[in-house]
Structures are given as C-alpha cells and as structure tokens.
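Summary of the model geometry
Here are the chains, one letter per residue:
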Amino acid sequence: TVDPSLAPTPSQSSLNLQLLELRARGRYGSLWKAQLSDQDSCKDLITSENPVIPSALKHVAVKVFPLQDKQSWMAEVDIYRLSHMKHDNILRFIASERKEETHVTEFWLITEFHENGSLSDYLKSHTITWAELCKIGESMTCGLAYLHNEIPGTYGSMANLAIAHRDFKSKNVLLKHDLTACIADFGLALKFEPGKMFNETHPQVGTRRYMAPEVLEGAICFSLDSFLRIDMYACGLVLWEMMTRCTAVNEYAEIYRLPFEAEVGLQPTLEEMQTLVVTQKVRPAINPAWHQHQGLCSLISTVEECWDQDAEARLSAGCVNERIRQLACTVNS
Ligand code: ADE
C-alpha cells in the first residue's frame, strides 16, 4: 500500500477549501460540506485521474480524519484511487490531502457533495413513491453489482477486480439530486485481485445492526463470495427500509425506523444482535399491506432472498438489480 499522503498531485494539491457546515460524525472523524475558495484550486483538480470538474465544484464533501485515524484514511483512499472506482453509482473521489495546521495534523478525503445526504437521512424526512423506490433501488444495486464486479464498467474498470464493501447500510448510500444513489464510505472495503492472496485478520467488522448471521457468529470463510454475500444481506435490509417509507399502499407510509430498531432499539449489543438474528432468525417485519401492491409483493420475495440465513442462497447484486429493473417497467404506480 502506497501512503497517499506522500503521493504526488492531486493528493498534495493543497486545495483552498473552506469548511462550511458539519454534516455528520462517523466512526472516523467528521463530514463537512465545503467550498473551494478560489478558482485556481479548480485547475489543480483537472488531472488525468480526474478529467472532469464535477458540477463546477460548487460544493464538495470533506471527510476529516484525526491523526490517530490515518490508517482508516489511507485504507479508504487506497480503494478510491482504483480505476475501478469510477461509476455513476459510486461516490466520486476528488482528492486526498494531509493537512498540517499549527500543531494539528488531519487527513482529508474530498469527494463530490450531495445535498440530499444519505438514504437514511432522506427516508427519515421523506416518504418515497413506488417509482422513486425503483429508481433508488435500481441505481443502488447497480453500484453494488459494479463494485462486486458483476457488470463491466463504463469507464474501463480493471478486469476481475472485485470489491466487498463490508459496511453496506442506508447511511452509506447517498442520494443525488435526481434521486439516483451512489455508494460511499469505503473505509472497511476489501479488494480482491485475481491471483493475489489477501490477509484479513479481523472478519467481524461493520455495523452490528447490519451484520449477517455468519458475521455475528464469527463463522465466515475468507472467500470473495462469502464477503459479497455479507453485503447482500445488508442490501436486503436497506431495501426493506425503503419499502417501509414507500407510499404505494399507504400515502403516509410507516414511520422511519432502522432495521431491527423495533426489536432491539438504537444501541444493540453484539449479544442482542446474535440472539435475534442467529438464534431466533428474526428479520424486519413485513407489513401485510405490502401484499396488496404487485410491485411491493414481488420485492418482498427479493428482500427475503437477500437476507436468507443460508448465505449461499442469497441473490447477487446483479440479480436484484435486474429484478428491480423489470419491476420498474411492469408496475407503474
Ligand atoms: N454524507 C456523507 N458523505 C456525503 C457526501 N459526499 N455528500 C453529502 N452528504 C454526505
């Protein structure tokens, strides 16, 4: 792994960025809405790596990592710098920087900014129509299928490189202006290159609430497929979150709740999640009213096939993407 803080531009382009507004605090550091404070900075961003200035770069997102989280910043930059990572449904990387202020060192990761924020934030304050559910679901699974290397890239991806996200959840899916989705937060992602061994020492990572039963049990095998299936379990939970906020059968929808919030609240322990998901095999509640809608009814089966206890029985991202694509065409409202 190359230390990106020592790499040439744009890593060290010293952008003139002004942090405007703290948007979120994550596992590592904080997420800011920021602005380029002079036009010259824009020029620094046009490189062969980054030929397009995203929407005139009015605003960008800056993830600020404190010094002690340098490893996490490096891990995430390492993933974003792969040529594989250029796709409409993957958050667009702009630059990374080591920032030395007086006595304080920080590590910045600069990406495109999306005003709608995360899918989780959006669902908290908005309901979605059937058409919107399809649009978000289709674009999100397109991004995931691309990451998993199931579909060829539009930008010439590295052949045979697959990436497991390992922290897939509605907070890590962002919504663009047109309500298409892009996947963010690659701090825990693992890349699988053909012919290369990979050494993973800590398999039980991610967010407890979204951990697949085999992760909660600590019983995963270290193959690419097993990691992709773990992402698909979480993808099922995210699709369920979208269904709870869909107005297709009830114009008010349900109130927004995280998966398993009804069962274990907001701060579940690992033991609580193990009991619920591994021992009792509980999954989020399917609203009986959804059976009245042809689209939601089909989506129930898809979601259940994503979160199957048996990891090998789970659908792939490409398959879920195809199913939602079909549903969007056949069920209009
Ligand atoms: N939250 C996390 N990343 C973000 C981004 N790039 N834009 C807007 N909100 C975000």
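Note that the coordinates shown come from a computational prediction; the quantities given were computed from them, not determined experimentally.

When helices and strands are counted, the protein chain shows ten helices and nine strands. Looking at the protein chain residue by residue over its 333 residues, the buried ones come to 50%. Taking as baseline every contact in the protein chain between residues at least 6 positions apart, the subset at least 24 positions apart corresponds to 69%. For the protein chain, the computed accessible surface area is about 15,200 Å², with 50% contributed by carbon and sulfur atoms.

Moving on: the pattern of salt bridges. Applying the stated criterion across every chain yields a total of 13 salt bridges. Between Glu115 and Arg23 there is a salt bridge, with the nearest N and O atoms lying 2.5 Å from each other. Linking Glu115 in the loop between strand 5 (104-112) and helix 3 (119-125) with Arg23 in strand 1 (residues 17-25), this pair joins segments that are 92 residues apart in sequence. As a salt-bridge pair, Arg325 and Glu322 come within 3.9 Å of each other at their nearest N and O atoms. With Arg325 and Glu322 both in helix 10 (residues 317-330) and three residues apart, this pair spans about one turn of that helix. Under the relative-accessibility criterion, Arg325 is labelled partly exposed at 33%.

Quick look at the site of the ligand now. Surveying the vicinity of the ligand reveals the residues Leu31, Ala61, Leu91, Thr111, Glu112, Phe113, His114, Gly117 and Leu174. Between a nitrogen atom of the ligand and a main-chain N or O atom of His114, the distance comes to 2.9 Å. Protein contacts shield 85% of the accessible area of the ligand, which totals 260 Å² for the unbound molecule. Class assignment for the residues of the shell around the ligand results in five nonpolar, three polar and one charged.

A few words on the confidence of the model for the protein chain. Averaged over the protein chain, the pLDDT score is 89; the fraction of residues at 70 or greater is 86%. Low pLDDT (under 50) marks residues 6-13, which in the prediction has 15 contacts with non-local residues, meaning those over four places away or in another chain. For this predicted complex, the interface confidence score (ipTM) comes to 0.97, while the overall pTM stands at 0.90.

A separate point is the packing of helix 4 (residues 130-147) against helix 10. Helix-helix packing is characterised by the crossing angle of the two axes and by the distance between the axes. In contact at an axis separation of 8 Å, helix 4 and helix 10 are set at 155 degrees when each is read in the N-to-C sense. Considering the angle they form, helix 4 stands roughly antiparallel to helix 10. Every pair of crossing elements has a handedness; the one defined by helix 4 and helix 10 is left-handed. Touching Trp130, Cys134, Gly137, Glu138, Thr141, Cys142, Leu144 and Ala145 of helix 4 are Ala317, Gly318, Val320, Asn321, Ile324, Arg325, Leu327 and Ala328, all from helix 10. Counted by class, the contact of helix 4 with helix 10 contains ten nonpolar, four polar and two charged residues.

Our next topic: the nonpolar core. Core analysis: the biggest nonpolar cluster contains 83 residues, and Met85, Leu119, Leu133, Met140, Phe168, Phe186 and Met242 have the highest contact counts within it. Among the elements that make up this core, the one with the highest residue count is helix 6 (residues 224-244) (13 residues). Among residues more than four places away in sequence, those in contact with Phe186 are Glu76, Ile79, Tyr80, Met85, Ile90, Leu147 and His165. Formed by eleven residues, the second largest nonpolar core is a distinct cluster that contains Leu17, Val64, Ile94 and Ile110.

A word on the sheet that holds strand 1. Spatial strand order, 1-2-3-5-4: five strands in an open sheet with antiparallel pairing. In the strand order of this sheet, the two ends are held by strand 1 and strand 4 (93-101), each with one partner. On average, each strand axis in the sheet is inclined to that of its neighbour by 30 degrees, with strand direction left out of account. Its contacts with the sheet place helix 2 (residues 70-80) against strand 3 (59-66), strand 4 and strand 5, and it is angled at close to 25 degrees to strand 5.

This paragraph deals with the packing of helix 4 against helix 6. With their axes 11 Å apart at the nearest point, helix 4 and helix 6 run at an angle of 165 degrees to one another. As summarised for this structure, helix 4 and helix 6 are arranged roughly antiparallel, according to the angle between their axes. Read as a crossing pair, helix 4 and helix 6 show a hand that is right-handed. Across from Leu133, Ile136, Gly137, Met140, Thr141 and Leu144 in helix 4, the residues of helix 6 making contact are Asp231, Met232, Cys235, Val238, Leu239, Met242 and Met243. A class-by-class count of the residues in the contact of helix 4 with helix 6 yields ten nonpolar, two polar and one charged.

What counts, and at which threshold
Residues numbered from 1 in each chain as written. Predicted model: local features only at pLDDT ≥ 70, side-chain atom pairs only at ≥ 80, totals over all residues. Heavy atoms only, no water. Helix = DSSP H or I, 4+ residues; strand = E, 2+ residues; numbered from the N terminus. Buried < 20%, exposed > 50% of the residue type's maximum accessible area, 1.4 Å probe, protein only. Contact = heavy atoms within 4.5 Å. Areas by Shrake-Rupley, 256 points an atom, 1.4 Å probe, with all protein chains shown as cover. Salt bridge = Lys/Arg side-chain N within 4 Å of Asp/Glu carboxyl O. Near = heavy atom within 4 Å. Polar contact = N/O pair within 3.5 Å; in protein donor to acceptor, adjacent residues only side chain to side chain. Nonpolar A, V, L, I, M, F, W, Y, C, P; charged D, E, K, R; others polar. pLDDT = per-residue confidence, 0-100. Axes fitted to C-alpha atoms, helices over the stretch in contact; angles between N-to-C directions. Parallel < 35°, antiparallel > 145°, perpendicular 65-115°, else oblique. Left-handed = near helix turned anticlockwise from the far one by under 90°. Core = buried A, V, L, I, M, F, W, Y, C linked by side-chain atoms within 4.5 Å. Pairing = 2+ DSSP bridges.

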